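# Notes for the structure review
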Amino acid sequence: ITGCGTAYHAGMVGMYLMRALCKIPVEMELASEFRYGDRAMDPRTLTIAMSQSGETADTIEAVKIALEAGAPVIGICNVVGSHLTRIADGTLHTRGGPEISVAATKTYVSQAIAATLLALYLARVRKSAPLERLREIAEGTRLLPAAIDVALNSSDAVKKVARKVRRARSVLFIGRYVNFPTALEGALKLKEISYIHAEGYAAGEMKHGPIALLDPRTPVVGIVTDGRVREKMLSNLSEAKAREAPLIVVANHGDDEAAAIADHVLWVPKVDELLSPIVNVIPLQLLA
C-alpha cells in the first residue's frame, strides 16, 4: 500500500485490517520512498495506491514502477477520471465530493472506509476470516454515520480543550495498533492547520527516548478507546502523567478509568475496534 501524507495514514489503517482479516503480509510504503526502496514485486503482488486527487506525483511514479514490475494496481481515489484512475488496473472511487478543507479531513475518513470495505471483501473471497466476524464488522459500518455525527456534535467540548492547549509549543499524539495511524494523522492535522509542532508516536516507543521531552508545557493526546490495547495505553498515559504532561484522551463514553487519568476527555461512541480509527480521528480533526 502506498500514498503520501494523509493518504499514507489511511493506507496504514488498511494495512492493519488486511493483516487481521486477510492473513497476508502487507507492507506500507511512502510513495516518495517507493522508487528508491528496491521493492520485491511480481504479478502476484497487489499494489494499492491512495490519492485524493489522483494526481499526486510521487504516488503516480510509484504506480508506474509497480506496473513495470507486472504487479496489479488498485487505486483508491476521490476524483473520477484523474491520472491514477486512468493508469490503475482498477479503482475504488471514494466519492467524497470536492475536498474543501486545505488539510484533508473527509478524504481521510472516506479512504479509510474504502480500505476497510476492500479488506472485508478480500477476506471473504479468500475465506481467511470467520464469516460471522466479517458480518459483524460489516454491520458495524452501518453505525459509522451516526457515530461520526455524535463525534462532530462534540465540537463545543473540543473548543474548550483547544483553548487550554493553544499556547503549547509541541504536542505528542500516541496510539497503538489500528489507532497508531490515528495518532499520526492527528499530529499531521495539528501541524498543517495550527502551525504547532506535533509528533505522532506508537505509544510503546515512548520509553525509548521521547518521554524525556515531556513536561507541564507539552500536552499528550492518547487514543484509549475499547480494544486489545486499551490497558497498555492507560499504562503509557500514566507514564506521561508522571512527567506532569497535560493529558488529553480520546475515550468511549462512560470510560471512568480513562476520565480519572486525563485532564481532558474527547468522548466518542464505541464501535468495533477495527472500525474505531474512522470515528476516533474526528475529535482530533476538530481539535486541530
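Residues numbered from 1 in each chain as written. Predicted model: local features only at pLDDT ≥ 70, side-chain atom pairs only at ≥ 80, totals over all residues. Heavy atoms only, no water.

A few words on the overall build of the protein. The helix and strand tally for the protein stands at 12 helices and 10 strands. Over its C-alpha trace the protein gives a radius of gyration of 19 Å, about what one expects of a compact globule, namely 19 Å for 288 residues. Counting only C-alpha atoms, the protein reaches 55 × 40 × 35 Å along its principal axes. By the burial criterion, 53% of the 288 residues in the protein qualify as buried. Residue pairs at least 24 apart in sequence account for 68% of intrachain contacts in the protein once pairs closer than 6 positions are excluded. Of the roughly 13,500 Å² of accessible surface on the protein, 53% is carried by carbon and sulfur atoms. (Helix = DSSP H or I, 4+ residues; strand = E, 2+ residues; numbered from the N terminus. Rg over C-alpha atoms; globule rule 2.2 N^0.38 Å. Buried < 20%, exposed > 50% of the residue type's maximum accessible area, 1.4 Å probe, protein only. Contact = heavy atoms within 4.5 Å. Areas by Shrake-Rupley, 256 points an atom, 1.4 Å probe, with all protein chains shown as cover.)

Turning to the pattern of salt bridges, a few remarks are in order. Using the criterion set out here, one finds 13 salt bridges in the structure. As a salt-bridge pair, lysine 189 and glutamate 192 come within 3.0 Å of each other at their nearest N and O atoms. Highlighted residues: lysine 189 and glutamate 192, both in helix α9 (residues 180–194), separated by three residues, approximately one helical turn. Overall, lysine 189 belongs to the buried group, its relative accessible area being 0%. Between glutamate 257 and arginine 230 there is a salt bridge; the shortest N-O distance is 3.1 Å. (Salt bridge = Lys/Arg side-chain N within 4 Å of Asp/Glu carboxyl O.)

In this section: the packing of aromatic side chains. One pass over the structure, following the stated rule, counts one aromatic pair. Relative to tyrosine 177, the ring of tyrosine 16 has its centre 5.6 Å away and its plane inclined at 75°; by these criteria the two rings are edge-to-face. Of the two residues, tyrosine 16 sits in helix α1 (residues 6–22) while tyrosine 177 sits in the loop between β6 (170–175) and α9, which places them 161 residues apart along the sequence. Relative accessible area serves as the criterion here: at 15%, tyrosine 16 is assigned to the buried category. Stacked on the ring of tyrosine 177, the Lys or Arg arginine 228 has its end atom at 4.4 Å from the ring centre. (Phe/Tyr/Trp six-rings, centres within 6.5 Å; stacked < 30°, edge-to-face > 60°. Lys NZ or Arg CZ within 6 Å of the ring centre and 35° of its normal.)

Quick look at the packing of α9 against helix α12 (residues 276–287) now. Look at α9 against α12: their axes get within 9 Å of each other, and the N-to-C directions meet at 25°. One element, α9, and the other, α12, form an angle in the roughly parallel class. Crossing of α9 against α12: the hand is right-handed. Together, Thr182, Glu185 and Gly186 of α9 and Pro277, Asn280, Val281 and Leu284 of α12 make up the contact between the two elements. Residue composition of the contact of α9 with α12, by class: three nonpolar, three polar and one charged. (Axes fitted to C-alpha atoms, helices over the stretch in contact; angles between N-to-C directions. Parallel < 35°, antiparallel > 145°, perpendicular 65-115°, else oblique. Left-handed = near helix turned anticlockwise from the far one by under 90°. Nonpolar A, V, L, I, M, F, W, Y, C, P; charged D, E, K, R; others polar.)

We now examine the side chain of threonine 218. Relative to the helices and strands, threonine 218 resides in the loop between β7 (197–202) and β8 (220–223). For threonine 218, a relative accessible area of 12% translates into the label buried. Contact partners of threonine 218, with chain neighbours within four places excluded, come to Ser170, Leu213, Ala245 and Pro246.

What follows is about the environment of glycine 140. By secondary structure assignment, the location of glycine 140 is in helix α6 (residues 131–141). Judged by relative accessible area, glycine 140 falls into the buried class, the value being 12%.

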